Amino acid sequence: MILQQLQTYLRTHPQTSLEELARQFQTDADALREMLHLLIRKGRVRQLAGKQCSGCHSCAPESLELYEWVTK
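Everything quoted here is computed from the prediction, not taken from an experiment.

Rules and cut-offs
- Residues numbered from 1 in each chain as written.
- Predicted model: local features only at pLDDT ≥ 70, side-chain atom pairs only at ≥ 80, totals over all residues.
- Heavy atoms only, no water.
- Helix = DSSP H or I, 4+ residues; strand = E, 2+ residues; numbered from the N terminus.
- Buried < 20%, exposed > 50% of the residue type's maximum accessible area, 1.4 Å probe, protein only.
- Contact = heavy atoms within 4.5 Å.
- Areas by Shrake-Rupley, 256 points an atom, 1.4 Å probe, with all protein chains shown as cover.
- Pairing = 2+ DSSP bridges.
- Core = buried A, V, L, I, M, F, W, Y, C linked by side-chain atoms within 4.5 Å.
- Phe/Tyr/Trp six-rings, centres within 6.5 Å; stacked < 30°, edge-to-face > 60°.
- Axes fitted to C-alpha atoms, helices over the stretch in contact; angles between N-to-C directions.
- Parallel < 35°, antiparallel > 145°, perpendicular 65-115°, else oblique.
- Nonpolar A, V, L, I, M, F, W, Y, C, P; charged D, E, K, R; others polar.

Engineer: Explanation requested: the overall build of the protein chain in the structure shown.
Structural biologist: Secondary structure assignment for the protein chain yields 4 helices and 3 strands. Reading the protein chain from its N end, one meets helices and strands in the order α-β-α-α-β-α-β. For the protein chain, the residues scored as buried account for 32% of the 72 residues in total. Looking at the protein chain alone, contacts between residues at least 24 apart form 54% of all its contacts between residues at least 6 apart. Counting every atom, the protein chain has about 4800 Å² of accessible surface; 50% of that belongs to carbon and sulfur.

Engineer: Explain the pairing of strand 3 (residues 66-69) to me, please; I cannot follow it from the model alone.
Structural biologist: Residues in a regular strand project their side chains so that they alternate between the two faces of the sheet. Side-chain alternation along strand 3 places Leu66 and Glu68 on one buried face and Tyr67 and Trp69 on a second face that is also buried. Looking at chain direction, strand 1 (residues 15-17) and strand 3 are connected through 3 bridges and run antiparallel. Its bridge partner being in strand 3, Ser17 is matched across the sheet by Leu66. In the sheet, strand 2 (residues 45-48) pairs with strand 3 via 4 bridges, with the strands oriented antiparallel. Within strand 3, the position partnered with Gln47 by the bridge is Tyr67.

Engineer: Please clarify how the nonpolar core should be interpreted in this entry.
Structural biologist: The tendency in soluble globular proteins is for nonpolar side chains to be buried as a group. Counting 15 residues, the largest nonpolar core has Leu6, Leu10, Leu21, Leu32, Leu36 and Val45 as its most contacted members. Breaking this core down by element, the ones donating at least two residues are helix 1 (2-12), helix 2 (18-25), helix 3 (29-41) and strand 3. The element contributing the most residues to this core is helix 3, with 5 residues. In contact with Val45, other than residues within four places in its own chain, are Leu10, Leu36, Leu39, Ile40, Tyr67, Glu68, Trp69 and Val70.

Engineer: Honestly, the packing of aromatic side chains in this entry has me stumped. Any pointers?
Structural biologist: The description of an aromatic ring pair rests on the distance of the ring centres and on the angle between the ring planes. Taken as a whole, this structure holds 1 aromatic pair when the rule is applied. Arranged with centres 5.8 Å apart and planes meeting at 75°, the rings of Tyr9 and Phe25 form a pair that is edge-to-face. Taken together, the positions of Tyr9 in helix 1 and Phe25 in helix 2 put the pair 16 residues apart, joining distant regions of the chain. Summarising the burial analysis for this pair, Tyr9 and Phe25 share the class buried.

Engineer: For this particular structure, what's the right way to read the packing of helix 2 against helix 3?
Structural biologist: Relative placement of two packed helices is described by the angle separating their axes and the distance separating the axes. The N-to-C vectors of helix 2 and helix 3 enclose an angle of 110°; their axes lie 9 Å apart at closest approach. With respect to helix 3, the axis of helix 2 lies roughly perpendicular. Of helix 3, the residues touching helix 2 (which contributes Leu18, Leu21, Ala22 and Phe25) are Ala29, Leu32, Arg33 and Leu36. When its residues are assigned to classes, the contact of helix 2 with helix 3 shows 7 nonpolar, no polar and 1 charged.

So this is what it looks like as structure tokens:
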């Protein structure tokens, strides 16, 4: 059920961070990461090169991990 919701969200928000997804679905980032990797294997999502932190060391790693919906 959440996998379908995740796909729907990504279609309407084509580029989003793992942190944003975890906040949207109120779930653990690791659980979402597994679902995202399933969608990556199916060719529906791709992981983008992460945002570059300015070196502050206070950025949550999930905020720098970006995913994109693949439109065909």
